Amino acid sequence: MNEQRSAATSGAGFDAGPGEDLRHHLPILMYHSISPASATPRFQRFAMSPAVLASHLAFLSAAGYQTLTVTEAMTSLDRRALPERSVVLTFDDGYADFHTAALPILTEYRMRATLYVVTGYVGGTARWLADLGEQGRPMLAWSQLREAVAEGVEVGAHSHTHPQLDRLDATRLTAEVRRPKALLEDQLDLPVTSFAYPFGYRSSSSTAAVAEAGYDNACVVDNLPAPHEGVDRHVLPRLTVNADTSVQQLERLLHRPPGRGRAAAASLKRGLWHAARRVGPFQPQWRDPTA
Ligand SMILES: [Zn+2]
């Protein structure tokens, strides 16, 4: 019955497939580093050139998309007032190039974004990326974070040390969730309401810890758009944008059908991956195509 109704109401300017109504879904895009410098081979897909980001924002602007922060989007959904062509831009980890490369482009296009920061490395380097040879990649300083806030960027938390949260004991889990919130609120003097799970990995206990710490919302990956109705706001799916994602691929991503089969496949994949990581001695997170 829902599918019939969706089919009847879809198609007003959107390329939704049969039975899909993309107007009832919010695309939340996940970017990482916006890097004018070269990256190691294993990090390359996370390091987008500023020219590619600019081409994405030019496309979104020309297509009439309105950008919101994650928390703004949740507030708009609560009020049933989300603009029809809404999109959320998120940037993970808090690399220094967010300030030097991404922020000027966002400002030029007057676009809003949510930036997820790993607080333990603020002012330092990406030491958790040693496996990828990127341990020297510079991270944002507190002064740069304050300037981003002044430009309208929402700053959310992305743990303190970027661990796999679903592998931590309760004490460390609580610290990794609560410490970044306290630090960011103290340093930036504003409420921090958004969280992103490192690697997108979560469990029921990590989601409970995030909600109990007072975060309004939290993002995973899953490569699905977020449904307007019935979405768990502490498990918001995002769409992965890679360094070489073209404008044409971005457009397809924005129109990715949110069908139930795809949601079930994402859930199954998440479960299998969780099990594989539990038994494996390796560090498989970077092999996950959705990490
Ligand atoms: Zn991350």
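Above this text you will find the structure in question.
Residues numbered from 1 in each chain as written. Predicted model: local features only at pLDDT ≥ 70, side-chain atom pairs only at ≥ 80, totals over all residues. Heavy atoms only, no water.

### Quick notes on the overall build of the protein chain
Here is step 1: Summing up its helical and strand segments, the protein chain has nine helices and 12 strands in all.
Here is step 2: Counting across all 291 residues of the protein chain, residues that qualify as buried make up 52%.
Here is step 3: Here the analysis covers contacts within the protein chain between residues at least 6 apart in sequence; of these, 66% occur between residues at least 24 apart.
Here is step 4: Surface summary for the protein chain: the accessible area is close to 12,800 Å², and the carbon and sulfur share equals 51%. (Helix = DSSP H or I, 4+ residues; strand = E, 2+ residues; numbered from the N terminus. Buried < 20%, exposed > 50% of the residue type's maximum accessible area, 1.4 Å probe, protein only. Contact = heavy atoms within 4.5 Å. Areas by Shrake-Rupley, 256 points an atom, 1.4 Å probe, with all protein chains shown as cover.)

### Description of the packing of aromatic side chains
The description of an aromatic ring pair uses the distance of the two centres, along with the angle that the planes make with each other.
Here is step 1: Within the structure shown, the criterion is met by nine aromatic pairs.
Here is step 2: Arranged with centres 5.2 Å apart and planes meeting at 65°, the rings of Phe-91 and Phe-98 form a pair that is edge-to-face.
Here is step 3: Accessibility expressed as a relative area gives 3% for Phe-98, which makes it buried.
Here is step 4: On the basis of an interplanar angle of 55° and a centroid distance of 5.1 Å, the ring pair of Phe-195 and Tyr-215 is categorised as tilted. Of this pair, Phe-195 sits in strand β9 (residues 194-196) while Tyr-215 sits in the loop between α7 (204-212) and β10 (217-222), and the two are 20 residues apart along the sequence.
Here is step 5: An aromatic cluster is defined as three or more aromatic residues linked by ring pairs; in this entry it consists of Phe-43, Phe-46, Tyr-95, Tyr-121 and Trp-128.
Here is step 6: A cation over a ring is seen here: Arg-85 above Tyr-65, with NZ or CZ 5.1 Å from the ring centre.
Here is step 7: Taking the ring centre of Tyr-215 as reference, the NZ or CZ of Lys-181 above it sits at 5.7 Å. (Phe/Tyr/Trp six-rings, centres within 6.5 Å; stacked < 30°, edge-to-face > 60°. Lys NZ or Arg CZ within 6 Å of the ring centre and 35° of its normal.)

### Remarks on the coordination of the zinc ion
Angles between donor atoms at a metal ideally measure 109.5 degrees for a four-coordinate tetrahedral arrangement and either 90 or 180 degrees for a six-coordinate octahedral one.
Here is step 1: Looking at the metal site, the zinc ion is ligated by Asp-93 (OD), His-158 (NE2) and His-162 (NE2), spaced 2.1 Å from it.
Here is step 2: Counting residues between consecutive donors of the zinc ion along the chain gives the motif D-x64-H-x3-H. Placement of the pair is Asp-93 in strand β6 (residues 86-93) and His-162 in the loop between β8 (154-157) and α6 (170-188), with a sequence separation of 69 residues.
Here is step 3: Overall, Asp-93 belongs to the buried group, its relative accessible area being 2%.
Here is step 4: We classify His-162 as buried; its relative accessible area is 6%. (Donors = N, O, S within 2.8 Å, 3.2 Å for Na, K, Ca; no water.)

### Focus: the packing of α6 against α7
Here is step 1: Closest axis-to-axis distance for the α6/α7 pair is 9 Å, and the angle between their directions is 40°. Here α6 lies oblique to α7, going by the angle between them. Crossing geometry of α6 relative to α7 is assigned as right-handed. Residue-level inspection shows Leu-173, Val-177 and Arg-178 of α6 in contact with α7, the latter providing Ser-205, Ser-206, Ala-209, Val-210 and Glu-212. (Axes fitted to C-alpha atoms, helices over the stretch in contact; angles between N-to-C directions. Parallel < 35°, antiparallel > 145°, perpendicular 65-115°, else oblique. Left-handed = near helix turned anticlockwise from the far one by under 90°.)

### Some thoughts on the pairing of strand β12 (residues 236-240)
Here is step 1: Most of β12 is tucked away: five of the five residues are buried.
Here is step 2: Burial of the side chains of β12 extends over both faces: Leu-236, Arg-238 and Thr-240 are buried on one face and Pro-237 and Leu-239 on the other.
Here is step 3: Both β10 and β12 contribute to a ladder of two bridges, which runs parallel. When the sheet's bridge partners are listed, Cys-219 is paired in β12 with Leu-236. (Pairing = 2+ DSSP bridges.)

### Quick look at the nonpolar core
Here is step 1: Counting 52 residues, the largest nonpolar core has Leu-29, Tyr-31, Leu-60, Leu-89, Phe-91 and Phe-98 as its most contacted members.
Here is step 2: At six residues, helix α4 (residues 97-108) tops the list of elements feeding residues into this core.
Here is step 3: Setting aside chain neighbours within four positions, we find Leu-89 in contact with Leu-29, Tyr-31, Leu-57, Leu-60, Thr-67, Leu-68, Leu-106, Met-111, Arg-112, Ala-113 and Thr-114.
Here is step 4: Formed by 14 residues, the second largest nonpolar core is a distinct cluster that contains Ile-28, Met-74, Val-88 and Ala-226. (Core = buried A, V, L, I, M, F, W, Y, C linked by side-chain atoms within 4.5 Å.)

### Observations concerning unusual backbone geometry
Here is step 1: Residues other than glycine seldom take positive phi values, yet Phe-199 does so here, at roughly 60°.
Here is step 2: For Phe-199, the location among the structural elements is in the loop between β9 and α7.
Here is step 3: Relative accessible area serves as the criterion here: at 9%, Phe-199 is assigned to the buried category.
Here is step 4: The backbone of Asp-222 shows a phi angle near 65°, a positive value even though the residue is not glycine.
Here is step 5: Summarising the element assignment, Asp-222 is placed in strand β10.

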